[in-house]
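# Structural description and commentary
Chain by chain, the residues:
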Amino acid sequence: MAGIYIHIPFCKSRCTYCAFYSTTRTELRQRYVDAVCKEMTQRASENGQSAKSLVNTIYLGGGTPSQLAPGQVEQLLTKLRETWDVDQGAEITMEMNPDDVTYEYAAQLVNMGVNRVSMGAQTFDDQRLKFVNRRHTAVQVARAVNHLRRAGICNISIDLMYGFPCETLSEWQSDILAALALDVEHLSAYCLTIEEGTPLYETLRKGENEKMRDGDEEVEREMYYTLKNLLEEAGYEHYELSNFARPGFRSRHNNGYWTGLPYIGLGAAAHSYDGRTRRCNSDNIDTYIKGVESGRLEWEQETLDANTRYNEHVMLALRTVEGLNTGTLTEDELHYLMPIARKYISLGLLRLEAGRLCLTREGLFLSDMVTADLMRV
């Protein structure tokens, strides 16, 4: 087993673009933590799983895990170590909101074994932060990094977002340079997407904000390549479509997802994968808590057929710098894949070297189109 993901759904306030499951019902925090601990016991006894299952990565994501008290984080990690065999050198990541970070909090996390922190900076422009209802300010991001460093966190990742309405290339460059000035080990960057069901989507649908518009694809393309150029010049490795790392600081947990390793997801709306089946816990916090408390945890399960396994393998592998090892495909899968791939090789969007199919620099921005064409239905 590569990793364990624990979903912490609590948020002090919700970002307008967020489509992940979250809740502002923070009065449920302790009851929820107790339920997740109980789920660990239930899950470890399923299908022959035991403490012999070695865990290499732990990831507390959300939501906003830093809305938990240090004692609640410790309760989760202590129970997890009692339940599974956690590798001594495991990567233990916790997502934090910049304005939640204090030196005291960070120092307590280090004592619990947390050795990696991921923060959503998103932008260093306070007006854009307000636009998407982020709680923190640009100044607080730098202050949070300083607190984490002083506490002994040597692996810090920050998220950036581009493609805001009316954002210019120059403004995006300023955000990248501000991030580089923090000298963090890892950086993820995503284009702002407006997903159905989010407050941002409703704002656009109702026409409540005249500045809201669909992004300019050519500007977003330039933003993507500007990001790639500046970070690579600064010594970061572009190892996955949206992720950059200093040498030796790739996200081990996320790399497990991209390479198809099995993992367990704990908590409301958390997903698990064993190589052939995927299950998802209830995405209703009340249903989740009551189910665990009664010993009848509710989840949905999907057995992946051959086409789905092929599609996911191709899609995830092409996201990485290593690309798709064609030797991992069956003869039938190769017979399907290669004629389509050759079309994109001739267009300069894919390349085939030493049995590995990879996106070219020109193909990176068009990855969705390329991989969609390679899928089997």
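Below, the structure is looked at part by part. (Residues numbered from 1 in each chain as written. Predicted model: local features only at pLDDT ≥ 70, side-chain atom pairs only at ≥ 80, totals over all residues. Heavy atoms only, no water.)

### Regarding the environment of Val139
Inspection of the secondary structure assignment puts Val139 in helix 5 (residues 138-151). A relative accessible area of 51% places Val139 in the exposed class. Sequence-wise, Val139 and Phe124 are 15 residues apart; in three dimensions their C-alpha atoms are separated by 8.1 Å. (Helix = DSSP H or I, 4+ residues; strand = E, 2+ residues; numbered from the N terminus. Buried < 20%, exposed > 50% of the residue type's maximum accessible area, 1.4 Å probe, protein only.)

### Let's talk about helix 8 (residues 217-233)
In this model helix 8 runs 24 Å from its N-terminal to its C-terminal C-alpha over 17 residues, within 8% of the 24 Å that 1.5 Å per residue would give. Among all positions of helix 8, only Glu220, Met223, Tyr224, Tyr225, Thr226, Leu227, Lys228 and Leu231 are buried. Of the surrounding secondary structure, the elements contacted by the buried residues of helix 8 are strand 5 (156-162), helix 6 (169-181), strand 6 (186-191), strand 7 (237-240), strand 8 (243-245) and helix 13 (361-364). (Expected span 1.5 Å × (residues − 1). Contact = heavy atoms within 4.5 Å.)

### Description of the sheet that holds strand 13 (residues 324-325)
Within the open sheet, the three strands sit side by side as 13-15-14. Their pairing is antiparallel. Pairing within the sheet leaves two strands with one partner each, and these edge strands are strand 13 and strand 14 (350-353). Of the pairings in the sheet, the one linking strand 14 to strand 15 (residues 356-359) comprises four bridges and is antiparallel in character. Among the inter-strand pairings, Leu350 is bridged to a residue of strand 15, identified as Leu359. Along the sheet face, helix 12 (residues 331-346) touches strand 13, strand 14 and strand 15 and points at about 115° away from the line of strand 14. (Pairing = 2+ DSSP bridges. Axes fitted to C-alpha atoms, helices over the stretch in contact; angles between N-to-C directions.)

### Let's talk about the packing of helix 3 (residues 103-112) against helix 5
For the pair helix 3 and helix 5, interaxial distance at closest approach is 8 Å and the crossing angle is 40°. Relative to helix 5, the element helix 3 lies oblique. As helix 3 packs across helix 5, the resulting crossing turns out to be right-handed. Along its contact with helix 3, which presents Tyr103, Ala106, Ala107 and Val110, the element helix 5 presents His147, Leu148, Arg150 and Ala151. (Parallel < 35°, antiparallel > 145°, perpendicular 65-115°, else oblique. Left-handed = near helix turned anticlockwise from the far one by under 90°.)

### What about empty space enclosed by the protein?
Summary: where empty space remains is shown by rolling a probe the size of a single water molecule over the atoms. Enumeration over the complete set of coordinates arrives at one cavity of 30 Å³ or more. Each pocket or cavity is described by its volume, and for the largest cavity that value is around 40 Å³. Lining the largest cavity are Ala2, Gly3, Thr57, His253, Gly256, Tyr257, Leu261, Pro262 and Tyr263. At three residues, the largest contribution of residues to the lining of the largest cavity is made by helix 9 (residues 252-258). Partitioning the lining of the largest cavity into residue classes produces five nonpolar, four polar and no charged. (1 Å grid on protein atoms, 1.4 Å probe; cavity = no way out; pocket = protein on both sides within 12 Å on 5 of 7 lines; lining within 4 Å. Points joined across faces, edges and corners; volume = space filled by probe spheres on them. Nonpolar A, V, L, I, M, F, W, Y, C, P; charged D, E, K, R; others polar.)

### Considering the packing of aromatic side chains
Working definition: an aromatic ring pair is given by the centre-to-centre distance plus the angle between the planes. Applying the stated criterion across every chain yields a total of ten aromatic pairs. Geometrically, the ring pair formed by Tyr162 and Trp172 is tilted, given 5.1 Å between the ring centres and 40° between the ring planes. In this pair, Tyr162 is assigned in strand 5 and Trp172 in helix 6, connecting sequence segments ten residues apart. Comparing Tyr162 with Trp172 shows no difference in burial state: the two are buried. (Phe/Tyr/Trp six-rings, centres within 6.5 Å; stacked < 30°, edge-to-face > 60°.)

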